[in-house]
Amino acid sequence: MKKWLERSFFMRFITFHSIASKMVLACLLIGTALVFFLAESMAKGFDKTEEEFIKDRLVSDINYIRDLIGPGEWNLKDGGLYLGDKLIGDGTEEHAFLAPFRDHEKKTRTFSYTFVRTGDEGLKYVEKENGMGYQEGHYIRAAGSTRRPDGTSIVGTYIDKKVADILDSTGEYSGEANVEGNYVFCLYKLLRDEAGNSVGIIVVGRNVSELRENAEIVGSKFLKFIILSVLLACVILIVFLGLWLRSVNRIRMRLAEVADGHLPEQPLRITSRDELGQVTDSINKMVESLREKERLGAELSVATKIQSNMLPKNFPDTENYRLWAYMHPAKEVGGDFYDFFEIGEDRLGIAIGDVSGKGVPAALFMVVAKTIIRDQSMQNISLENVFNHTNWLLCEGNDDNLFVTAWLGILDLKTGMLDYVNAGHNAPVVVQNGAARFLKGRHHFPLAGLPNIKYAHESVQLSEGDKLLLYTDGVTEAVTPSDELYGDYRLLDFAKKNFGMEPKDFVLGLKDNVKNFATGAPQFDDITMLALEFKKQK
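These numbers were taken from a predicted model, which means no experiment stands behind them.

Undergrad: Sorry, what's going on with the packing of aromatic side chains here?
TA: For any pair of aromatic rings, the description rests on two quantities: the centre-to-centre distance and the angle between the ring planes. The tally for this structure, following the rule as stated, stands at ten aromatic pairs. A ring pair is formed by Phe111 and Tyr113, whose centres lie 5.6 Å apart and whose planes are at 20 degrees; its orientation type is stacked. A single burial state applies to Phe111 and to Tyr113, both of which are buried. Geometrically, the ring pair formed by Phe315 and Trp324 is tilted, given 4.5 Å between the ring centres and 45 degrees between the ring planes. For Phe315, a relative accessible area of 19% gives the class buried.

This is the structure:
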C-alpha cells in the first residue's frame, strides 16, 4: 500500500509531493495575485484616466460639431465668428447659428456653444443670486445649444475672465463648471484663424455623473476582460503544464525502474524536441549502456570464475615441503597466474607469470600460457626446452602482441636442488639461514616476445627450512596516493623480519603490508604471490 501511495500520481498530487501540484498551485496564486494587482492598479489609475477618457469624448464632440457646420477655417470678420463663409454668430440672438449645436445636443446629449473674441471695453463684474460672481472676459457667446432654466437663450453673455486668460495662454482648458445650475464637465478650445490669431472659443460639456458612469462602464468591461484573459492564460498554462508533467512523470517512473535494478527492453518514447526529448534520449542511451554493462558483467563473472578455477586452491603441506599462494586481479579478471605441480614422485614444479595488459584478453592469454608451461614441464624435458617450446607456441597467432614474464622452477625433493629459468620476471626472494636476498640470475626475454629466443637454466641449493617467495610486479609497484613505490627494499625488509612465518601467514601478512602501505590508493596491477618452504629431503 505504501509503495502504491508513493507511485500513485493522484496521491502525490493531492499531498503536494508532485511538481505538478506545486506548479498548478503556483499558477493559481500568480493568477490571483495578478488579478488583484491589476484591479488595484486600475482602481488607483481610474481617477487619473477618467478625465482623459472624458476629454477624448469631448474632443470627438468638437470635431462632430465642426462637421455639422461645414468646411472651412475659423476666422473673424466684422465682429462675427465664421467657419469658412458661414457666420456662426456675433453675440446677438439675431445672428446666432443655433441649428448644428441643437442637432448635436439632440444626438449626443452634449451641450455646446461658441464664443467670439471682442474687445475689453464695457466688461464688468457679474453678481449672481448665490452671492458668487465673476469678471467678464473678452469673449462673448455667439451661438450654442445651452439655455437658461426658464428657456431663454444665453447668447450674448461673456466668459469668465480667468478662463479667458488661461485659454489665451495655453489654448485649452477643462474642468467642472456650473452652467445655469447644472454641473457639467467642460472642454474649452481656443479657435484660431489661418494666421494663428485667436478668433473665438468652442465649448462642449456633458453632465458629470453621466460621463463618469460611462467611464466606469468602460473600466468595468476592461477589468472583466483582464480577469478573463488572466484566467484563460492560467487554464492554457495548466493544460500545457499537464502535458509536460505527464512526460516528466514517465521519465521519473523509468528512472525509478532503473534505480530498482530493472532495465526495460523497450526504449522510453516521448515525442518532444525540447530538453525533455534530449533527456529521454540520454536515458535510453544510459539504459542501453547499462544493459551492455550488465551483459559484460555476466560474461566477466563467468570469466572470473573460470580463471579462479584454473588456479590450484589445495595448497599441499607434506613432510618435505609446504606452500601457499594468493592472486588478486586489478580488474574483474587479470593476467597474473601461479601454478604448482608434482612431476613424478621426487620433483615439484612451481611457476608464476604476468601477462602484459589487463582484462579479458590478458586473462585468456594467461590461461593459454599457464596450460602450455605445465604441459611442457610434464614432458620430462629440460627447463630450457620447456620455455623454448612455450615461447614458440605462444608466438603463433599472437595478433594482439601480448607477452608474458614468467619464472619456472623445478625442485628435486631428494637433493634440495632447485633448477629455474627466468623469462624477464621479478627475481624471487630466497631466505636461507635467516638471511633474505633476491635470487639473482639471468633475465631472458619474456615469452611470446620473439620466436627464436633461446633460454638457459640456473640452479640454487636449498636446505631444510629455506624459503622461497615468488611474486609479480603488482607487489613492488604498489603506490601510495603520492605515487611512492613499495619497491624491492620494503619487500626484502618484510622477508627479513618475518622469515619465521609459515607460507600462508607470510603471504597474507605481505598482502596486508602492501595494502596498508598503499593507504587507499587504487590497485593498478594484479597482485600474485607464492611462498614455498622446503622442510627436508626425501
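Undergrad: Honestly, the pairing of strand β6 (residues 133-144) in this entry has me stumped. Any pointers?
TA: As a general feature of sheets, a regular strand has side chains that alternate between the two faces. Counted residue by residue, β6 has ten buried out of twelve residues, so it is predominantly covered. Across five bridges, the pairing between strand β4 (residues 111-117) and β6 is antiparallel. For Val116, the partnering residue across the bridge sits in β6 and is Ile140. Where strand β5 (residues 125-127) lies against β6, three bridges are found, and the strand directions are antiparallel.

Undergrad: It is not clear to me how the pattern of salt bridges should be interpreted in this structure. Could you clarify?
TA: A side chain of one charge can pair with a side chain of the opposite charge when the charged atoms of the two come close. Enumeration over the complete set of coordinates arrives at 18 salt bridges. Measuring nitrogen to oxygen at the nearest pair gives 3.4 Å for the salt bridge that ties Arg322 to Glu502. Here the residue Arg322 occupies a position in strand β11 (residues 321-328), and Glu502 occupies one in the loop between α11 (487-497) and α12 (503-518), the gap between them amounting to 180 residues. With a relative accessible area of 17%, Arg322 lands in the buried category. In this structure, Asp493 and Lys497 form a salt bridge, with 3.2 Å as the shortest nitrogen-oxygen distance. Taken together, the residues span about one helical turn, with Asp493 and Lys497 both in helix α11 at a distance of four residues. The exposure class assigned to Asp493 is partly exposed, which follows from its relative accessible area of 25%.

Undergrad: Can you help me understand the sheet that holds strand β3 (residues 86-89) in this one?
TA: To summarise the sheet geometry, strands pair through backbone hydrogen bonds and adopt either a parallel or an antiparallel arrangement. Strand order in the open sheet formed by three strands is β1-β2-β3, with antiparallel pairing between adjacent strands. At either margin of the open sheet sits one strand with a lone partner, and together these are β1 (74-77) and β3. Pairwise comparison of adjacent strand axes, ignoring direction, gives a mean angle of 40 degrees for this sheet. Pairing analysis gives three bridges linking strand β2 (residues 80-83) to β3, with the strands arranged antiparallel. Bridged to Tyr82 within β3 is Leu87.

Undergrad: Would you mind going over the sheet that holds strand β14 (residues 404-412) with me for this structure?
TA: A sheet is described by the order of its strands in space; here five strands give the open sequence β12-β13-β14-β15-β18, paired in antiparallel fashion. This sheet does not close on itself; its edge strands, each paired only once, are β12 (336-343) and β18 (458-461). Ignoring which end each strand starts from, the neighbouring axes of this sheet average 15 degrees apart. Pairing geometry for strand β15 (residues 417-423) and β18, over four bridges, is antiparallel. By the bridge assignment, Met417 is partnered in β18 with Gln461. On the sheet, helix α8 (residues 359-377) packs against β12, β13 (347-355) and β14 and is oriented at approximately 15 degrees with respect to β12. With respect to the sheet, helix α9 (residues 383-395) is in contact with β14 and β15, its orientation differing from that of β14 by roughly 155 degrees.

Rules behind the numbers
- Residues numbered from 1 in each chain as written.
- Predicted model: local features only at pLDDT ≥ 70, side-chain atom pairs only at ≥ 80, totals over all residues.
- Heavy atoms only, no water.
- Phe/Tyr/Trp six-rings, centres within 6.5 Å; stacked < 30°, edge-to-face > 60°.
- Buried < 20%, exposed > 50% of the residue type's maximum accessible area, 1.4 Å probe, protein only.
- Helix = DSSP H or I, 4+ residues; strand = E, 2+ residues; numbered from the N terminus.
- Pairing = 2+ DSSP bridges.
- Salt bridge = Lys/Arg side-chain N within 4 Å of Asp/Glu carboxyl O.
- Axes fitted to C-alpha atoms, helices over the stretch in contact; angles between N-to-C directions.
- Contact = heavy atoms within 4.5 Å.

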